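Read off the chains here:
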Amino acid sequence: DYVTRVIRDLRYTLRLKRDGDHSLSWTQVDGVFTRNEGSWSLRPDGEGTFVEYRLNIELAVFLPSAIARSLTQHALPQMLSQLKAEVERRRSSS
């Protein structure tokens, strides 16, 4: 179960599917979204790793465009920054 804070708590349950160490996908099984599905996938790319993030989400409740814009302009970059920090932490410890 997950909770996202956007003015009020948005609760939802996801079914996660892992494909080895290179892919994680999810679909919503219950919650406030009409649709919530996506994936992370990793693949070798030269001396690094290509990371792909996909998200298909539809809210079942009204969300003002200013708030939706804030989520995409702040939440997504923050998530990617956290991913980069974790990758760099793991690289330095190995």
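Residues numbered from 1 in each chain as written. Predicted model: local features only at pLDDT ≥ 70, side-chain atom pairs only at ≥ 80, totals over all residues. Heavy atoms only, no water.

> Whenever I open this one, the pairing of strand β4 (residues 33-45) confuses me. Can you help?
Regular strands place side chains that alternate from one sheet face to the opposite one. In this sheet, β4 lies alongside strand β3 (residues 23-31) in antiparallel orientation, the contact comprising five bridges. Across the sheet, leucine 24 pairs through a bridge with tryptophan 40, a residue of β4. Between β3 and β4, which pair antiparallel in sequence order, lie one residue. Connecting the antiparallel pair β4 and strand β5 (residues 48-59) is a turn made up of two residues, with glycine 46 showing a positive phi of about 65°. (Pairing = 2+ DSSP bridges. Helix = DSSP H or I, 4+ residues; strand = E, 2+ residues; numbered from the N terminus.)

> Would you explain the environment of leucine 83 in this entry?
Here leucine 83 lies in helix α1 (residues 65-93). Along the backbone, leucine 83 and valine 51 are 32 residues apart, and their C-alpha atoms lie at a distance of 9.9 Å. Those residues in contact with leucine 83 that lie beyond four places of it in its chain are Trp40 and Val51. (Contact = heavy atoms within 4.5 Å.)

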